[in-house]
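The lines below spell out each chain.
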Amino acid sequence: MTGIHRDEMLGLICGGVALALLSLLPLLTEGFYLSFGVNLVLYAALSTAWSLFSGPTRFVSLASAAFFGIGTYSVALWLDALPFVVLIAIAALASAALAALIGAATLRLSGVYFVIFTLGLTELIRQIVSWSQSRFAHKMGLYVFTDFTEGDLYWMLLALTAATFSVGWLINRSRLGFALRIIGDDETVARHVGIATARAKIVLFMISGAFAGIAGAIMAPRYAYIEPQAAFNPMISFMVVIMALLGGTRRLWGPLVGVVPFTVVMELIAARFPNESLIVVGIAFLAIVYVLPSGVTGRIECLRERLRRSLGTGVDAPGCGKIEGRA
Amino acid sequence: MQILVTGTLLGGTYALIALGLTLQYGAARIMNLANGETLVAACFVAFWLFSRLGVNPILGMVIIAPAALVLNWLIYAWLLRPLVRRAKNRGMLEVDSILATFGLLFLFQGLMLLTFGGAYFNYKFLAEPFSILGTPYALNRVVAFVAGVLVSSLLYLFLYHTRQGAAVRAIAVDPASAQLVAIDVSRTAGFSFALGGALTACGGTLLSTFYTFNASMGVLFTMKALIIVIMGGVGDIRGATLAAFILGLSETAVASLIDPGLTLAATYALFILVLLFRPQGILRRGAA
Amino acid sequence: MLRRTFNALLISAVVFGTAGGIASAEETLKIGVSAPKTGVQSGGAAAVYWPNVQLWVHDLNQKGGIKVDGKQLKIDLVEYDDKSSPEEAVKNIQRLATVDKVDFIISPYTTGINLATAPLIARYGYPQLVATGNANDLRAFIKQWPNSFWLLGKASDLSTGIVGTLKTLRDKGQVGNKVALAYVAEALGLEMIDSAKPAFKEAGFDIVYETSYPIGTQDLSPVISGAKAAKPDAFVAYSYPPDSFALTEQAQIQAFDVNAFYVGVGGALTGYGQRFGKQAEGILSMGGINPDDQAYKSYRESHKKVTGQDTDYWAGAVVYASLEVLAQAIEKAGKERAAVVKAIKSGTFDTVIGKVSFEDNVVKKLWTVGQWRGGVFQGVNGLSVEGAKEPVKKPAWN
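Quick word on the interface of chain C and chain B
Between chain C and chain B, the contact holds 33 residues from the first and 29 residues from the second. Counting residues per element, the ones that place at least two in the side of chain C that touches chain B are α2 (42-62), β8 (206-213), α8 (221-229) and α9 (241-253) of chain C. At 6 residues, α9(C) tops the list of elements feeding residues into the side of chain C that touches chain B. Considering only residue class, the side of chain C that touches chain B consists of 16 nonpolar, 13 polar and 4 charged.

What follows is the structure in structure tokens.
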């Protein structure tokens with residue numbers, strides 16, 4: 001490990017200050033803005049967790065909903081028997097175990113097969129949960145009534161996001177992160193230089209899955225009534241991917257840059273166009289694809305690069321100008 | 001026996017749902033998530049033609065299929081071709097097309113909600129018993145099955161016995177090499193996409209005779225189609241058809257012999273097994 | 001070129017998004033509503049929920065508004081889409097309560113969403129008149145949220161209605177003892193089957209076939225052929241709209257003749273009667289109404305006139321009635337939420353489904369089973385309802 005860079009120090013301080021400021025929100029409001037805050041921080045945690053794995057490896061996973069649902073169910077099933085902290089640990093472990101299974105099973109798959117596999121697996125889990133509930137429990141909904149206020153949930157999610165970030169940062173600085181970046185660039189090369197690609201990927205996927213599972217566990221009290229349809233909602237997976245891609249996955253803070261504008265715009269649309277929201281969302285979506293092909297961070301870096309170039313310093317950013325010209 | 005026939009009929013339905021996407025994804029390389037919306041839109045048009053103008057859905061296909069062809073060609077030309085041009089490799093196009101068609105999914109669904117509302121629709125067409133080996137089956141399903149077989153045989157003939165069809169197959173295998181043998185890849189891809197859309201619309205028209213549908217149901221069909229396409233092997237028409245029948249038969253078998261509650265679980269389990277052991281598709285040999 | 005177009009679209013979307021919503025000077029009564037316009041539940045909501053909200057607002061504003069503290073106030077409706085997700089619903093309720101600061105909230109659609117939002121609605125003290133959800137364990141909920149009122153009764157009230165009807169038919173010697181059961185593997189189906197099975201057994205019925213199927217399945221011929229093979233006298237399905245249609249069509253095609261054929265939600269839709277026409281004769285389903293009642297008749301007419309679609313013979317009228325209860329309670333007690341809750345608790349209200357009053361926050365008078373007769377869905381069973389017809393044996397499919 002190398003020493004901490006000055007830029008990183010600055011980032012760390014900024015992050016700390018932002019975290020402190022954000023944690024004040026529940027003291028200021030109890031109403032809609034707090035609910036919206038919960039929503040925003042939830043997706044910040046999920047998207048960051050997602051890009052921990054999918055960013056460097058470039059494997060697009062649609063299993064977020066599976067981890068999330070498992071977390072939710074861990075809480076719903078044993079709420080009366082065990083303290084909440086233990087439940088969160090169970091959620092993390094169960095999700096990590098699932099991630100290990102997926103990882104072990106899908107080593108040979110790549111590209112779109114992995115995408116579809118994770119989607120199919122989430123649906124399979126949901127179907128099995130529905131069926132076993134109808135068969136053995138004879139009811140679909142599980143009630144989760146706790147004394148947590150929305151502020152508590154918000155704080156927990158914020159802490160989770162911060163934890164995700166720290167872990168991501170540590171990974172980036174570690175040998176594992178280096179190995180992963182090589183895998184993402186070229187898996188064959190990675191294998192040739194002696195990286196245990198399989199193990200690295202599985203470990204990372206487990207970490208990523210565990211965080212998503214914890215997010216699900218924290219959200220269970222908010223749902224109050226847990227059904228497979230809501231807990232394993234595939235829309236969660238889609239939203240996570242889209243926000244992360246919008247932000248850009250090359251930087252740790254990339255997803256965050258996507259989550260904030262996306263949730264805000266979605267919220268505005270939902271509030272102003274309750275009847276036409278889908279149409280507006282669709283158009284906004286297409287706009288993102290055509291105007292921001294490499295995400296907000298990619299765009300920012302592009303602009304920065306161009307600025308530097310026009311000043312006559314810095315090196316050419318490959319591919320940057322090309323996309324511009326053609327889009 | 002009854003399981004076999006019911007399963008085969010269901011398989012025919014699934015083939016109808018999936019054939020369009022096979023072409024769109026296999027040949028045009030567009031993972032079209034809005035495929036199900038095309039299908040539901042066709043259901044709506046068929047419903048409207050039938051209930052307002054009294055047009056028989058089978059005849060309605062004569063109007064719906066060309067309309068879908070033109071519409072999908074326009075979508076490809078306007079929205080997707082720029083993505084194909086800017087993509088540096090297949091992976092990038094995949095991500096871009098998934099995102100773009102996801103946007104289209106919302107857009108189409110929103111338009112349908114606005115026009116037809118969110119309510120359930122269905123209509124009565126040939127809902128009468130048709131006896132096969134002494135057991136009654138729904139005539140509309142049998143008709144849809146026959147029409148489906150007809151449409152896919154035509155597609156097969158086209159792909160394997162015409163020049164244009166050979167071009168489509170060529171770009172499905174390798175767009176770069178196809179260019180070398182003087183195939184206009186961009187035009188052929190656009191055509192495959194449009195043809196895929198038309199096939200999906202035919203499927204929707206036939207499905208509307210026995211399914212209850214509403215504007216939000218497209219995603220369900222897309223999922224089914226996706227599973228079948230991947231199981232069959234991307235771009236493999238025969239593989240996809242076979243996969244559709246395997247699914248239809250196994251779902252019916254599970255529902256009849258084990259528990260109807262597990263039908264969808266069986267679908268996904270089967271799908272995951274295929275992905276694990278034959279990721280290149282059930283019919284293809286070697287690694288993809 | 002393309003980029004410029006999209007930029008323009010994006011900008012105009014943002015401009016539209018931030019502008020608008022200019023409040024009128026006139027004093028109004030702000031009512032908030034959040035329910036699915038998209039997602040899995042949108043089909044049902046479009047049939048029984050949204051048109052009735054629309055009709056109610058129209059009716060009240062037509063007659064000059066609602067009388068609050070001596071003033072006639074028009075209704076100003078603020079509506080949001082919950083996308084069939086509890087997450088969105090919670091956010092919407094928060095927004096209605098704290099940003100829009102609405103005076104009252106129309107309770108959301110479906111059991112799950114009503115339960116997910118109940119803690120919030122209770123915290124802000126709004127009355128929650130649940131017209132589209134129920135459960136078996138209502139007493140616990142009411143203890144926790146004393147502002148919630150349940151217009152569909154307990155799940156067991158609804159699910160065992162058909163047991164009573166079958167008993168009546170059996171006493172008349174029109175149906176035997178063997179029952180085949182099917183249910184959708186989702187909240188409603190499971191709550192129903194849970195309470196129905198013991199009731200069937202207690203009534204001496206013999207369950208010869210039982211199965212669940214996943215929600216969204218429309219290929220149900222295995223269910224019907226399985227049931228048929230068990231040779232039952234009655235078929236009972238706790239199903240949802242698309243599957244209610246599919247089950248009926250399959251039964252008809254496979255000539256699955258039973259003396260009593262019952263489907264769950266969806267069978268009381270006017271569209272169901274139209275779709276099956278003469279074949280619908282004698283089919284039993286969840287819900288019911290007294291279609292000859294004058295109040296219902298005129299409600300049905302104005303529903304058609306205002307919304308352009310037919311109302312159903314059950315839930316639609318209940319939703320409308322829940323809104324009538326809300327309006328009458330507000331007229332009685334004013335804008336004060338706690339006072340309105342109290343007024344609902346103790347009052348009796350005149351609605352399209354007759355006189356409505358609550359006993360421990362649950363309606364004790366409700367329709368449970370209806371039967372198609374000559375193209376009209378007649379209530380045949382219920383708890384202390386008036387105008388129930390005698391159920392009859394279902395004729396063979398023709």
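What about the sheet that holds strand β7 (residues 178-184) of chain C?
Residues and elements named next belong to chain C. Pairing in this open sheet of 7 strands is mixed, and the strands run β8-β7-β9-β10-β11-β15-β16 from one edge to the other. The strands lining the two open edges of the sheet, one partner per strand, are β8 and β16 (376-383). Sheet twist, expressed as the average angle between the axes of neighbouring strands with direction ignored, equals 20°. Bridge analysis of β7 against strand β9 (residues 234-238) gives 5 bridges, and the strand direction is parallel. Its bridge partner being in β9, A182 is matched across the sheet by A237.

Remarks on helix α13 (residues 337-346) of chain C
Residue and element names in this part refer to chain C. For α13, the set of buried residues is V340, V341, A343 and I344. Buried residues in α13, looked at end-on, bunch into an arc of 160°, giving them a common side. In this structure, α13 carries A338 and S346 as exposed residues pointing more than 90 degrees from its buried face.

Here we look at the domain arrangement of chain C
Residue and element names in this part refer to chain C. One can read the domain layout of chain C as domain 1 (2-154 + 293-366) and domain 2 (157-291 + 367-383). For domain 1 versus domain 2, the distance between C-alpha centres works out to 30 Å. Each partner contributes to the interface: domain 1 provides 23 residues, whereas domain 2 provides 21 residues. Put simply, the parts of the chain that give the side of domain 1 that touches domain 2 at least two residues each are α2, α4 (111-123) and α12 (315-333). For the side of domain 1 that touches domain 2, the element with the most residues is α2, which contributes 3 residues.

Some remarks on the sheet that holds strand β4 (residues 104-106) of chain C
Residues and elements named next belong to chain C. Spatially, 4 strands are ordered β2-β3-β1-β4 in an open sheet, and the strand pairing comes out mixed. The sheet is open, and its two borders are formed by β2 (66-68) and β4, each paired with just one other strand. Neighbouring strand axes in the sheet, compared pairwise and without regard to direction, differ in orientation by 40° on average.

Quick notes on the pairing of β7(C)
Every regular strand shows the same layout, with side chains that alternate between the two sheet faces. Residue and element names in this part refer to chain C. Counting buried positions along β7 gives 6 out of 7 residues, so the element sits mostly inside the fold. Relative to β8, β7 runs parallel, the two being bridged by 7 bridges. Among the inter-strand pairings, A180 is bridged to a residue of β8, identified as Y209. Once you follow β7 into helix α7 (residues 187-202) and on to β8, the crossover reads as right-handed.

Examining the nonpolar core
Counting 352 residues, the largest nonpolar core has L157(A), A215(A), A18(B) and I228(B) as its most contacted members. Take this core: its biggest share by element is 17 residues, from helix α10 (residues 197-223) of chain A. Discounting residues that sit within four places of it in the chain, L157(A) has contacts with V38(A), V41(A), L42(A), A45(A), A215(A) and I218(A).

Examining the interface of chain A and chain C
Every contact between the two is made by 38 residues of chain A and, on the other side, 38 residues of chain C. Those elements giving two or more residues to the side of chain A that touches chain C turn out to be α3 (32-57), α6 (112-137), α10, α11 (228-231), α13 (254-272) and α14 (277-291) of chain A. The leading source of residues in the side of chain A that touches chain C is α14(A), at 9 residues.

Section: helix α12 (residues 234-247) of chain A
Residues and elements named next belong to chain A. Here α12 spans 20 Å end to end across 14 residues, near enough to the 20 Å set by a 1.5 Å rise per residue. What α12 keeps buried is the set I236, S237, M239, V240, V241, I242, M243, A244, L245, L246 and G247. Positive backbone phi, at 105°, marks G248, one or two positions downstream of α12.

Rules behind the numbers
- Residues numbered from 1 in each chain as written.
- Chains lettered and ligands numbered in written order.
- Predicted model: local features only at pLDDT ≥ 70, side-chain atom pairs only at ≥ 80, totals over all residues.
- Contact = placed C-beta atoms within 7 Å.
- Helix = DSSP H or I, 4+ residues; strand = E, 2+ residues; numbered from the N terminus.
- Nonpolar A, V, L, I, M, F, W, Y, C, P; charged D, E, K, R; others polar.
- Pairing = 2+ DSSP bridges.
- Axes fitted to C-alpha atoms, helices over the stretch in contact; angles between N-to-C directions.
- Buried ≥ 20, exposed ≤ 12 C-beta atoms within 10 Å, placed from the backbone.
- Arc of directions from axis to C-beta.
- Domains from an automatic or database assignment.
- Right-handed = clockwise from strand over helix to strand, strands pointing away.
- Core = buried A, V, L, I, M, F, W, Y, C linked by C-beta atoms within 7 Å.
- Expected span 1.5 Å × (residues − 1).

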